[in-house]
Amino acid sequence: MKKYIFGIILALIPYAFLSLYIDANHSSYAIFGYMGMLIIIGIISFLAGKKGQIKYTLTATMISALASYILSVKFLGKEWNYYFIPFEAKNLAILICIISIIAQSVAFKRFKEKFN
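Analysis parameters
Residues numbered from 1 in each chain as written. Predicted model: local features only at pLDDT ≥ 70, side-chain atom pairs only at ≥ 80, totals over all residues. Heavy atoms only, no water. pLDDT = per-residue confidence, 0-100. Helix = DSSP H or I, 4+ residues; strand = E, 2+ residues; numbered from the N terminus. Core = buried A, V, L, I, M, F, W, Y, C linked by side-chain atoms within 4.5 Å. Buried < 20%, exposed > 50% of the residue type's maximum accessible area, 1.4 Å probe, protein only. Contact = heavy atoms within 4.5 Å. 1 Å grid on protein atoms, 1.4 Å probe; cavity = no way out; pocket = protein on both sides within 12 Å on 5 of 7 lines; lining within 4 Å. Points joined across faces, edges and corners; volume = space filled by probe spheres on them. Nonpolar A, V, L, I, M, F, W, Y, C, P; charged D, E, K, R; others polar. Polar contact = N/O pair within 3.5 Å; in protein donor to acceptor, adjacent residues only side chain to side chain.

Engineer: Could you give an account of the confidence of the model for the protein, with specific residues and numbers?
Structural biologist: Averaged over every residue, the pLDDT of the protein is 77; the share at 70 or more is 87%. Confidence scores differ between elements of the protein, with helix H1 (residues 5–12) showing the lowest mean pLDDT of 69 and helix H4 (residues 54–75) the highest of 83.

Engineer: Give a detailed account of the nonpolar core, specifying residues and quantitative values.
Structural biologist: Ranked by size, the top nonpolar core spans 17 residues in total, and within it Leu20, Leu76, Phe84 and Ile96 carry the most contacts. Breaking this core down by element, the ones donating at least two residues are helix H2 (15–25), helix H3 (30–51) and helix H5 (89–115). Residue contacts for Ile96: discarding those within four places in its chain leaves Ala16, Leu20, Tyr34 and Met37.

Engineer: Any details on empty space enclosed by the protein? Residues and values, ideally.
Structural biologist: Inspection of every chain in the model, using the stated rule, returns one cavity of 30 Å³ or more. Considering only enclosed or pocket space, the largest cavity measures out at about 100 Å³ in volume. As for the largest cavity, its lining consists of 12 residues, of which Tyr15, Ile41, Thr61, Ser64 and Ser100 are closest to the centre. Secondary-structure elements contributing two or more residues to the lining of the largest cavity are H2, H3, H4 and H5. With four residues, H5 is the single largest residue contributor to the lining of the largest cavity. Partitioning the lining of the largest cavity into residue classes produces eight nonpolar, four polar and no charged.

Engineer: Let's hear about the side chain of Ser68: which residues, and what values?
Structural biologist: Mapped onto the elements, Ser68 comes out in helix H4. Since its relative accessible area comes to 0%, Ser68 is described here as buried. A distance of 3.2 Å separates a polar atom in the side chain of Ser68 from the backbone nitrogen of Phe17.

Here's what the structure looks like:
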């Protein structure tokens, strides 16, 4: 269990919310928020695929999506909805997580085909 703690902690961070928050409050650094999210999720996906931890990673991503939704509602409320047109902040957080889950699923499938 100890060897999985770091991966679990990384997977449970609400990346979508952090990216949106950086974009909303520090727009000149927005690209760093989104790129950081992509890089970290890519690393987590690669390591999880290599170790066969696909179910855990997808579950953690879904929990991260829920946390991102809750935090977006709390900290990026109605006053930020104009900024993320055509979506509201909470809907965009969910969309980002859905795209992340799809990308992870495709990556896991390709990783499995390549190494099995």
